[in-house]
Amino acid sequence: MGRGKLRIYLGAAPGVGKTYAMLSEAHRRIERGTDCVVAFVEHHHRPRTEVMLHGLEQVPRKELEYRGGVFSEMDVDAVLHRAPAVALVDELAHTNVPGSRNAKRWQDVEELLAAGIDVVSTVNIQHLESLGDVVESITGVRQRETVPDEVVRRADQIELVDMSPPALRRRMAHGNIYKPDKVDAALSNYFRPGNLTALRELALLWVADRVDEYLTEYRSEHRVSKIWGSRERIVVGLTGGPEGRTLIRRAARLAEKGAGGEVMAVYIARSDGLTSASPKELAVQRTLVEDLGGTFHHVVGDDIPASLLDFARGVNATQIVLGSSRRKTWQYIFGPGVGTTVARESGSDLDVHIVTHEEVAKGRGLPVARGARLGRSRIIWGWAVGIGGPVAMALLLNTIDLGLANDMLLFLAVTVAAALLGGLLPALASAAFGSLLLNYFYTPPLHRLTIADPKNIVAIVIFVGVAVSVASVVDLAARRTHQAARLRAESEILSFLAGSVLRGETSLEALLERVRETFGMESVALLERAGDVDPWTCAGSAGPSPANRPEDADVDMPVGDHTALALSGRVLPASDRRVLAAFAAQAVVVLDRQRLQFEADQAKELAEGNRIRTALLAAVSHDLRTPLAGIKAAVSSLRSDDVAWSEEDQAELLEGIEDGADRLDHLVGNLLDMSRLQTGTVTPLIREIDLDEVVPMALGGVPEDSVDLEIPESLPMVAVDSGLLERAVANLVENAVKYSPVDEPVLVAASAMADRVEVRVMDRGPGVPDEAKDRIFAPFQRYGDAPRGTGVGLGLAVARGFAEAMGGTLNAEDTPGGGLTMVLTVRAVHRRPDPAARTAVAERQAS
């Protein structure tokens, strides 16, 4: 009996309908006459799922006792004994109760599959083992039940059960997933729109990668070399010339026109490494293509058109973008060129775009790498053997007569040894000197530089030819070995450099220090100037006494017209300048990024300053008038002699004066706090505290029975300014109480989510539409701009300002079942204080 087949319904979160889809599939198979049973399905008291179990045979479960309770698990032996054609097994990642046959349910499924039983199962994306850290960073919850990715990937069929986050939240709110008493907590925590959207994206991407694997596997098994345009993949062929930037941007525009377009830039280098593109230009182009969302690839190949087409077909590309040839007209006598060859051999499955640019017909101008000499010690030994060897051999052969043929072989051996040691020149010298000695001592007529027998002339010519050939091969091999070692070292340096910079891991100072260490320099400086006649300024340096001008340095590497990398310590050989050029280009990229970030931060500060100044002006012109007018009217009435006020009337007027003064005090306090934060005169004092030390103190301004407080003792500490946090929470609670019905208390709850803690203030008021949720945080904005109670429309703006000043956030969400929820997020500190210290703090606050 063969192995059974596994079908998995994959979902982004609980409640999307995986179990329902699995049961529907079971009913369809039973209608077709398939023997299908329910091995284990948990309906979780969901009515629709429970109804779908009707009419399906269910294998009795196995009950196990654990820690005083009775739990039911799938009875693997019973399913194997029943031996159905198809078994339904829910929750593939489930952990079995201790004492079960296997620790995990997926191991139970493996037994059923090995017995030839087809299995239909379900799993959520968050239960995949490789995604544990990602899911925890999104939801703040570590998944304890996981299934190895390989188990899911080996499934014969994987079907995605998808549902949009709003639809899933509606199902939750209607009670179709959890019991009513758990709905509010679920919607406020795990089932938030952001969490569901991120998990849905994970599921879609995972399934898309799986589909791509299926496609690649199918094409490989069936030897399909033809391009299948399942989605647009555009390959950009780069030469390392400046036209590459134009090609990359053109390819990016092509990719934007189609859904799911992908850009892959490829540079093809020859395997001998003797020609190379500009490292600086390639570094710039690599940064550009990755900034545009594409990928950069470095491929080795001697036949550039064939290598480019092989790469394109290997990645299932649909289009190739090439630049018009930079060769001059006379250079076409050597061949049609890469663009023409690729277009001719691409076939009907690949579209080739030839893009014009400014470098057309200007010549390639690519640098040619020169060979390197052998080591000094080897050259000395080579000359010693090349000159001294023939003399020693002549002295030896004068005492022994071996014949001309043997004499020539011995002299040839000396010449080969000189070639192996010293390369071409010592070998040539040995061949010339040895041929003279052979002619003088061993070729008739002896002791004369003439040759009587023509055959001896041929022998000496062959001797010299062999010596030169061997020496040339040895010299070329030594040069190639040196080149390969150097290019390998350069590639390692450039790979590390490009990777660290593109990931944003390198500051300018760290990069310059890396340059200094790599080239063994005393100091390195990145110099720049505004114009050709302006003085040089130092943008960054490493090492003591850096050069102030490029001409003062030992090595000057210009980058553009007004930037240069200046190195002091020694003069670099020309072969090192290629890598140095890449470092210089990356240094300029890092400098530009730092400046752009600084400008972005400044722009943000200016925008915030303008917003606060506008708020201050609006407060003075709008909200100060109302309480002032009320106070003045009440005071004028009390001072009037025309009316005899009763004690009740006087008390009411005095109460109005007090109420107006309180409103003014509250408003002025908010304005002062915001203005001080903006001007920097009040800096938040961040320290580690417990929420239960601050939040209860913020409830002093509201009626006692109007707020329910839920702050678990297990919450981690938070890094905040206690005063600002108290004011922020007080404003939020005051706003919630004002808009919530009298018989519906406001709920203030706190929970931990990964590296942050959330304080949620939930009311049951009329709520706010989605399009107005951001607008309510603007100063003097009330829902519908209608005044109510004693609010001045500044409390939420102040609360958000305080939250952001402490490095937190404040956002508005809908309360499940109606109302508005304010979510205040602050940074968590996962370290609990000493109990004695907490007791001391509590005693000080009580006193």
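Since we're looking at a predicted model, the values are computed, not measured.

Calculation notes
- Residues numbered from 1 in each chain as written.
- Predicted model: local features only at pLDDT ≥ 70, side-chain atom pairs only at ≥ 80, totals over all residues.
- Heavy atoms only, no water.
- Helix = DSSP H or I, 4+ residues; strand = E, 2+ residues; numbered from the N terminus.
- Buried < 20%, exposed > 50% of the residue type's maximum accessible area, 1.4 Å probe, protein only.
- Contact = heavy atoms within 4.5 Å.
- Pairing = 2+ DSSP bridges.
- Arc of directions from axis to C-beta.
- Axes fitted to C-alpha atoms, helices over the stretch in contact; angles between N-to-C directions.
- Parallel < 35°, antiparallel > 145°, perpendicular 65-115°, else oblique.
- Left-handed = near helix turned anticlockwise from the far one by under 90°.
- Nonpolar A, V, L, I, M, F, W, Y, C, P; charged D, E, K, R; others polar.
- Phe/Tyr/Trp six-rings, centres within 6.5 Å; stacked < 30°, edge-to-face > 60°.
- Lys NZ or Arg CZ within 6 Å of the ring centre and 35° of its normal.
- Expected span 1.5 Å × (residues − 1).
- Salt bridge = Lys/Arg side-chain N within 4 Å of Asp/Glu carboxyl O.
- Core = buried A, V, L, I, M, F, W, Y, C linked by side-chain atoms within 4.5 Å.
- pLDDT = per-residue confidence, 0-100.

Asks: Talk me through the overall build of the protein chain; I want residue IDs and the actual numbers.
Replies: A tally of regular secondary structure across the protein chain gives 24 helices and 24 strands. The 847 residues of the protein chain split such that 44% are buried. Long-range contacts, defined here as pairs at least 24 residues apart, represent 71% of the contacts in the protein chain between residues at least 6 apart.

Asks: Describe the pairing of strand β4 (residues 62-66), listing the residues and the values that go with them.
Replies: Relative to strand β5 (residues 69-73), β4 runs antiparallel, the two sharing 5 bridges. The residue of β5 that forms the bridge with Leu64 is Phe71. A loop of 2 residues connects β4 with β5, the two strands running antiparallel in sequence, and Arg67 in this loop sits at a positive phi of about 55 degrees.

Asks: For helix α5 (residues 132-139), give the residues involved together with the corresponding values.
Replies: Where α5 is concerned, the buried positions are Gly132, Val135, Ile138 and Thr139. Projected down its long axis, α5 carries its buried residues within an arc of 130 degrees, all on one side. Positive backbone phi, at 80 degrees, marks Gly140, one or two positions downstream of α5.

Asks: Tell me what's going on with the sheet that holds strand β8 (residues 157-161), and back it up with residues and numbers.
Replies: What the 6 strands build is an open sheet, ordered β3-β2-β6-β7-β1-β8; its pairing is parallel. The strands lining the two open edges of the sheet, one partner per strand, are β3 (57-58) and β8. Sheet contacts for helix α1 (residues 18-31): β1 (6-11), β2 (36-40), β6 (86-89), β7 (118-124) and β8; angle to β1, the most-contacted strand, approximately 145 degrees. Packing of helix α4 (residues 105-114) onto the sheet brings it into contact with β1, β2, β6 and β7, and relative to β6 it is tilted by some 180 degrees.

Asks: I'd love a proper account of the sheet that holds strand β15 (residues 537-542), names of residues and values included.
Replies: Read from one edge of the open sheet, 4 strands run β15-β14-β17-β16, paired in antiparallel fashion. Each edge of the open sheet carries a strand with a single partner, namely β15 and β16 (555-558). Ignoring which end each strand starts from, the neighbouring axes of this sheet average 20 degrees apart. Direction of pairing for strand β14 (residues 523-528) relative to strand β17 (residues 563-568): antiparallel, over a ladder of 6 bridges. Paired with Glu528 across the bridge in β17 is Thr563.

Asks: Requested: an account of the packing of helix α22 (residues 722-739) against helix α23 (residues 795-805), with residues and values cited.
Replies: Where α22 meets α23, the axes come as close as 9 Å, and the angle between the chain directions of the two elements is 150 degrees. The angle between α22 and α23 places the two elements in the roughly antiparallel class. At the point where α22 passes α23, the crossing takes the left-handed sense. Listed contacts from α23 to Leu724, Arg727, Ala728, Asn731, Leu732 and Asn735 of α22 are Gly795, Leu796, Val798, Ala799 and Phe802. Looking at the contact of α22 with α23, its residues break down into 7 nonpolar, 3 polar and 1 charged.

Asks: An account of the packing of aromatic side chains is requested, with residue identities and associated values reported.
Replies: Scanning the entire structure with this criterion turns up 1 aromatic pair. Arg105 extends its terminal NZ or CZ atom over the ring of Phe40, reaching a point 3.9 Å from the ring centre. The residue whose ring lies beneath Arg800 is Phe777, and the NZ or CZ to ring-centre distance is 3.9 Å.

Asks: Could you give me a rundown of helix α15 (residues 404-422), with the residues and numbers involved?
Replies: Its 19 residues place the ends of α15 27 Å apart at the C-alpha level, agreeing with the 27 Å of an ideal helix rising 1.5 Å per residue. Buried within α15 are the following residues: Asp407, Met408, Phe411, Leu412, Val414, Thr415, Ala418, Ala419 and Gly422. Looking down the long axis of α15, one finds its buried residues gathered within 160 degrees of arc, a one-sided arrangement. Opposite the buried face of α15, by more than 90 degrees, sit the exposed residues Ala405 and Leu409. With its phi angle positive at about 90 degrees, Gly423 sits one or two positions after the end of α15.

Asks: Before we move on, could you go through the pattern of salt bridges and cite the residues and values that matter?
Replies: Evaluated as defined, the whole model comprises 23 salt bridges. Residue Glu110 pairs with Arg154 through a salt bridge whose shortest N-O separation is 3.3 Å. Of the two residues, Glu110 sits in helix α4 while Arg154 sits in the loop between α6 (149-153) and β8, which places them 44 residues apart along the sequence. Glu290 is paired through a salt bridge with Arg286; the nearest N and O atoms lie 3.7 Å apart. Of this pair, Glu290 and Arg286 both sit in helix α11 (residues 279-291), 4 residues apart, which is roughly one turn of that helix. We classify Glu290 as partly exposed; its relative accessible area is 31%. Of the residues examined, Arg286 reaches a relative accessible area of 30% and is grouped as partly exposed.

Asks: Outline the packing of helix α12 (residues 304-314) against helix α13 (residues 338-345), supporting the account with residue identities and numerical values.
Replies: Here α12 crosses α13 at 45 degrees, and the two axes come no closer than 9 Å. Between α12 and α13, the angle falls in the class oblique. Here α12 and α13 pass one another in a crossing that is right-handed. Between α12 and α13, the residues in contact are Ile304, Pro305, Leu308, Leu309 and Arg313 and Val338, Thr341, Val342 and Glu345, respectively.

Asks: Please give an account of the nonpolar core that cites residues and values.
Replies: Leu88, Leu112, Ile125 and Val147 are the most contacted members of the largest nonpolar core, which has 63 residues in total. Residue contributions to this core peak at 7 residues, all from helix α9 (residues 193-221). Other than its neighbours up to four places away in sequence, Leu112 contacts Met74, Val76, Val79, Leu80, Ala87, Val89, Ile117 and Val119. Judged by nonpolar contacts, the second largest core, of 42 residues, contains Val695, Leu715, Phe777 and Ala812.

Asks: Any details on the pairing of strand β21 (residues 746-753)? Residues and values, ideally.
Replies: Burial of β21 is extensive: 6 of the 8 residues sit out of reach of the surface. Of the strand pairs in this sheet, strand β19 (residues 707-710) and β21 are connected by 4 bridges, and their pairing is parallel. Bridging from a neighbouring strand, Glu710 pairs with Ala749 of β21. The antiparallel pairing of β21 with strand β22 (residues 756-762) creates a hairpin that spans 2 residues between the two strands, and Ala754 there sits at a positive phi of about 55 degrees.

Asks: Explain the confidence of the model for the protein chain residue by residue, including any values.
Replies: Parts of the model with low pLDDT should not have their predicted coordinates read in detail. Within the protein chain, residue pLDDT values average 78, and 78% of them lie at 70 or more. Here helix α24 (residues 835-846) stands out as the element of the protein chain with the lowest mean pLDDT, 46, in contrast to β6, whose mean of 94 is the highest. Under a pLDDT of 50 for its full length, residues 785-792 has, in the predicted model, 14 contacts with residues more than four places off or in other chains. Here residues 832-847 is a poorly scored stretch, pLDDT under 50, and it has 13 contacts once near neighbours within four places are set aside; other chains count.

Asks: How would you summarise unusual backbone geometry if you had to cite specific residues and measurements?
Replies: The residue Arg67 is not glycine, and still its phi comes out positive at about 55 degrees. With respect to the element layout, Arg67 can be found in the loop between β4 and β5. Taking the relative accessible area as the measure of exposure, Arg67 reaches 75% and is therefore exposed. At Glu91, a position not held by glycine, the phi torsion is positive, near 55 degrees. Position of Glu91 relative to the elements: it lies in the loop between β6 and α4. In this structure Glu91 comes out as partly exposed when scored by relative accessible area, which is 26%.

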